[in-house]
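Coordinate inspection notes
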Amino acid sequence: MSEPIPLSVPEFRGNEWAYLKECIDTGWVSSVGAFVDRFEADMARTVDSMQGVAVVNGTSALHLALLTAGVKAGDLVLCSTLTFIASANAIRYTGAEPVFVDAEAEYAQIDVRLIEAYLRDECEIRDGQTFEKASGRRVAALMPVHVLGMAGDLDAMLALGSEFGVPVVEDAAEALGVRYKGKPIGAHPTFATCFSFNGNKILTTGGGGAITYHDRETARAAKRLATQAKDDALEYIHGDVAYNYRMPNLLAAMGCAQLEQLPEYVEKKQAIANRYIDALKSIPGLEPILASPDTEGTYWLFTIKVDPAVYGETARELVARLGQAGIQSRPLWQPMHLSPAHAGARILGGEVATKLFETAVSLPCSVGLNETDQERVIGALRP
Ligand SMILES: *Cc1c(COP(=O)(O)O)cnc(C)c1O
């Protein structure tokens with residue numbers, strides 16, 4: 001049998017070894033070091049924001065971003081239901097409760113019309129803040145998740161956010177390198193943007209995350225919370241119960257090397273997506289999930305929808321058959337409103353995400369996927 005084709009594996013083509021060696025040679029491997037500062041600056045520059053804060057993973061980035069946005073126990077946070085569970089868990093860590101929002105059917109991103117209807121019909125503004133009328137609870141943040149290397153309708157969300165006094169915290173764990181209306185995700189005037197450098201993302205540090213902020217003061221507050229709220233390093237004075245969420249210099253070194261390659265990786269991902277999109281035109285029953293016309297997607301995880309009535313196989317059957325041919329593929333995440341971990345949370349809509357869970361399949365799209373292997377995947381998709 002031919003070599004297995006994985007779904008998405010990391011790619012190291014640049015200065016990773018050199019920068020890691022520098023850490024080990026100099027002894028700067030831990031939670032402070034030149035690469036941490038450099039990675040934070042490089043991240044901010046890459047996404048056209050003001051200041052980056054490097055942390056241990058994307059989940060801790062989301063947690064800190066929500067805390068710095070002022071989210072507190074008992075608050076409500078609007079969040080995509082179609083996402084990896086980390087988004088919803090980060091809300092729970094603050095003691096707040098998620099209000100899940102369905103995806104729109106066309107691009108699989110958060111459905112802004114549902115957010116708008118909820119805020120207008122079920123909430124009221126008091127002293128510049130928004131409260132859910134039925135429960136009296138404050139709507140403390142809107143956390144859209146830009147899924148699959150694309151972006152949701154940020155301008156519409158920013159307009160609602162400013163009208164209702166609700167900060168927008170982006171979960172951009174899958175959206176590094178994505179552009180919306182000509183500017184990178186991270187550049188738009190949201191409260192904060194969160195990234196992940198887990199092994200399956202477009203860039204990886206092994207495990208890692210970052211938040212980018214448009215002002216240095218808030219970034220400093222986030223850094224303090226990531227550093228056990230250490231207010232006096234010599235005397236061990238800590239002003240709050242905080243977290244040890246800092247990214248070690250070793251991982252930041254990886255991050256610096258990986259970021260240098262982002263433009264090339266984005267191009268590779270887009271070329272892979274374009275080849276799939278082209279091939280799918282002649283495969284009835286399979287349809288790509290595309291980026292919206294406002295978005296230049298990276299197609300971080302290239303995903304198709306299967307119509308079993310036309311294709312002759314369900315999504316789960318397709319995943320199993322590809323697996324037998326040594327080709328790794330997978331369904332999307334169980335939507336949060338169906339997750340046992342978040343049972344009982346409110347959902348606005350939900351049918352679209354539920355349907356995508358049933359019908360969507362992500363295909364191999366590693367940066368290093370070559371055309372021969374991709375042709376093998378395409379050949380296996382053809383009926
Ligand atoms: C990967 C991912 C995260 C979490 O990132 P980690 O670095 O694994 O903690 C959060 N949200 C989404 C949408 C993700 O895909």
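For the structure itself, consult the block above.
Described below are features of the structure shown in this document. From a predicted model like this one, the values you see are computed outputs, not experimental measurements.

**A look at empty space enclosed by the protein**
- Following the criterion strictly, the structure yields one cavity of 30 Å³ or more and no others.
- Lining the largest cavity we find Ser8, Val9, Pro10, Glu11, Gly199, Asn200, Lys201, Ile202, Tyr265, Lys269, Ser366 and Val367.
- Residues that form the lining of the largest cavity fall into these classes: five nonpolar, four polar and three charged.

**Side note on the nonpolar core**
- In this structure, Leu78, Leu176, Phe302 and Leu381 are the most contacted members of the largest nonpolar core, which totals 127 residues.
- The dominant element in this core, judged by the number of residues it contributes, is helix α9 (residues 262-280), at nine residues.
- Not counting residues within four places of it along the chain, the set of residues in contact with Phe302 comprises Ala273, Tyr276, Ile277, Leu280, Pro288, Val361, Ser362, Leu363 and Cys365.

**Some details on the layout of surface pockets**
- Volume-wise, the largest pocket comes out at about 390 Å³.
- In terms of lining residues, the largest pocket is bounded by 27 residues, among which Phe84, Asn198, Asn200, Lys201 and Trp300 are the most central.
- Of all elements in the fold, only α3 (58-68), α4 (86-93) and β17 (330-331) reach the threshold of two or more residues within the lining of the largest pocket.
- For the lining of the largest pocket, the element with the highest residue contribution is α3, accounting for three residues.
- Residue composition of the lining of the largest pocket, grouped by class: eleven nonpolar, twelve polar and four charged.

**Examining the packing of α3 against helix α7 (residues 216-226)**
- It is the contact of α3 with α7, at a shortest axis distance of 10 Å, that shows an interaxial angle of 125°. Accordingly, the angle class assigned to the pair α3 and α7 is oblique. Considering the relative orientation of α3 and α7, their crossing is right-handed. Of the residues in α7, those touching α3 at Leu64, Leu67 and Thr68 are Thr218, Ala221, Ala222, Leu225 and Ala226.
- The class makeup of the residues in the contact of α3 with α7 is six nonpolar, two polar and no charged.

**Description of the sheet that holds strand β14 (residues 286-288)**
- With respect to topology, four strands assemble into an open sheet ordered β14-β16-β19-β17, the strand pairing being antiparallel. Either end of the sheet is taken by a strand with one partner, and the two such strands are β14 and β17.
- In this sheet, strand β19 (residues 360-362) lies alongside strand β16 (residues 303-306) in antiparallel orientation, the contact comprising three bridges. Bridge pairing in β19 places Thr303 opposite Ser362.

**A short note on the sheet that holds strand β9 (residues 183-184)**
- Spatial ordering of the open sheet is given by β9-β8-β15, a layout of three strands whose pairing is antiparallel. Lying at the two open borders of the sheet, with one neighbouring strand each, are β9 and β15 (295-296).

**Description of the packing of aromatic side chains**
- The tally for this structure, following the rule as stated, stands at six aromatic pairs.
- Aromatic side chains Phe191 and Tyr213 sit 6.0 Å apart centroid to centroid with 90° between the ring planes, which places their arrangement in the edge-to-face category. In this pair, Phe191 sits in the loop between β9 and β10 (192-196) while Tyr213 sits in strand β11 (residues 209-213), placing the two residues 22 residues apart along the sequence.
- The class of Tyr213 is buried, set by a relative accessible area of 0%.
- On the basis of an interplanar angle of 20° and a centroid distance of 5.0 Å, the ring pair of Tyr243 and Tyr245 is categorised as stacked.
- We classify Tyr243 as partly exposed; its relative accessible area is 25%.

Conventions we followed
Residues numbered from 1 in each chain as written. Predicted model: local features only at pLDDT ≥ 70, side-chain atom pairs only at ≥ 80, totals over all residues. Heavy atoms only, no water. 1 Å grid on protein atoms, 1.4 Å probe; cavity = no way out; pocket = protein on both sides within 12 Å on 5 of 7 lines; lining within 4 Å. Points joined across faces, edges and corners; volume = space filled by probe spheres on them. Nonpolar A, V, L, I, M, F, W, Y, C, P; charged D, E, K, R; others polar. Core = buried A, V, L, I, M, F, W, Y, C linked by side-chain atoms within 4.5 Å. Buried < 20%, exposed > 50% of the residue type's maximum accessible area, 1.4 Å probe, protein only. Helix = DSSP H or I, 4+ residues; strand = E, 2+ residues; numbered from the N terminus. Contact = heavy atoms within 4.5 Å. Axes fitted to C-alpha atoms, helices over the stretch in contact; angles between N-to-C directions. Parallel < 35°, antiparallel > 145°, perpendicular 65-115°, else oblique. Left-handed = near helix turned anticlockwise from the far one by under 90°. Pairing = 2+ DSSP bridges. Phe/Tyr/Trp six-rings, centres within 6.5 Å; stacked < 30°, edge-to-face > 60°.

That is the geometry; function is a separate question.
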